[in-house]
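Residue-level structural notes
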Amino acid sequence: QVQLLESGGGSVQAGGSLKLSCRVSGYIISRCNVYWYRQVPGKERELISTIMNDGTTTYSNLVQGRFTASRDNVANMLYLQMNTLKIEDTAVYYCVADQWKSFFGTCATLTGAYWGQGTLVTVSS
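Values in this document were obtained by computation on a predicted structure and should not be read as measured data.

Going through the model one piece at a time under the given rule, you end up with two disulfides. Put simply, Cys-22 and Cys-95 are joined by a disulfide, and their sulfur atoms are 2.0 Å apart. Classification of the bridge connecting Cys-22 and Cys-95 rests on its S-S torsion, roughly 65°, and on that basis the disulfide is right-handed. With Cys-22 in strand β3 (residues 18–25) and Cys-95 in strand β9 (residues 91–97), the pair connects residues that are 73 residues apart, well separated along the chain. The exposure classification of Cys-22 matches that of Cys-95, with both residues buried. The partner cysteine of Cys-32 in its disulfide is Cys-107, sulfur to sulfur 2.0 Å. Since a negative S-S torsion denotes a left-handed disulfide, the Cys-32-Cys-107 link at about -80° is left-handed. Pair noted here: Cys-32 is in the loop between β3 and β4 (34–39) and Cys-107 is in strand β11 (residues 106–108), with a separation of 75 residues, a long-range link. For Cys-107, a relative accessible area of 27% translates into the label partly exposed. Each bonded cysteine in the protein gets a number by its place in the sequence, and the pairs come out as 1-3, 2-4.

Right under this line is the structure:
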């Protein structure tokens, strides 16, 4: 069974930093694309960062230069280092992994992805 468990969320003042972690079990994170998403109440989920299976990382313009997504293939962990946090960064943050289709030996990009339960980040003034 594939499980993703986010941790590290909490309350922080604007300008501060937090580091989110995502423990992944039943799944090898380096096989497929993995992602960090966030969702503000009343709004659609938005993509924050993508880590391709080859390690290439991209970011939303909303966080580029402030956030750093990474993975530890040995520990099978994902991380999101968040610096210079803004009030508008307040959201529930999710780690996500594309489905590994073992029978076909391929990844199902943006289809049937695995999601964690999310961790809440609250940035205050």
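To continue, consider the sheet that holds strand β1 (residues 3–7). Pairing within the open sheet is antiparallel, and its four strands lie in the order β1-β3-β8-β7. In the strand order of this sheet, the two ends are held by β1 and β7 (67–72), each with one partner. The mean angle between the axes of side-by-side strands here comes to 15°, regardless of whether they run parallel or antiparallel. One ladder, built from five bridges, connects β1 with β3; its direction is antiparallel. Among the inter-strand pairings, Leu-4 is bridged to a residue of β3, identified as Val-24.

Below, the discussion takes up the nonpolar core. Ranked by size, the top nonpolar core spans 26 residues in total, and within it Trp-36, Phe-67, Leu-78, Leu-80, Met-82 and Tyr-93 carry the most contacts. Of all the elements in the fold, those that place two or more residues in this core are β3, β4, β5 (46–51), β7, β8 (77–82), β9 and β13 (119–124). Setting aside residues no more than four positions away along its own chain, Met-82 makes contact with Gly-16, Ser-17, Leu-18, Leu-20, Arg-66, Phe-67, Tyr-93 and Val-121.

Following the criterion strictly, the structure yields three salt bridges and no others. With its nearest N and O atoms 2.6 Å apart, the salt bridge here joins Glu-46 to Arg-38. Across the pair Arg-66 and Asp-89 runs a salt bridge, and its minimum N-O distance is 2.7 Å. Of this pair, Arg-66 sits in the loop between β6 (57–59) and β7 while Asp-89 is found in the loop between β8 and β9, placing the two residues 23 residues apart along the sequence. Each member of the pair, Arg-66 together with Asp-89, is buried.

Conventions we followed
Residues numbered from 1 in each chain as written. Predicted model: local features only at pLDDT ≥ 70, side-chain atom pairs only at ≥ 80, totals over all residues. Heavy atoms only, no water. Disulfide = S-S within 2.5 Å. Helix = DSSP H or I, 4+ residues; strand = E, 2+ residues; numbered from the N terminus. Buried < 20%, exposed > 50% of the residue type's maximum accessible area, 1.4 Å probe, protein only. Pairing = 2+ DSSP bridges. Axes fitted to C-alpha atoms, helices over the stretch in contact; angles between N-to-C directions. Core = buried A, V, L, I, M, F, W, Y, C linked by side-chain atoms within 4.5 Å. Contact = heavy atoms within 4.5 Å. Salt bridge = Lys/Arg side-chain N within 4 Å of Asp/Glu carboxyl O.

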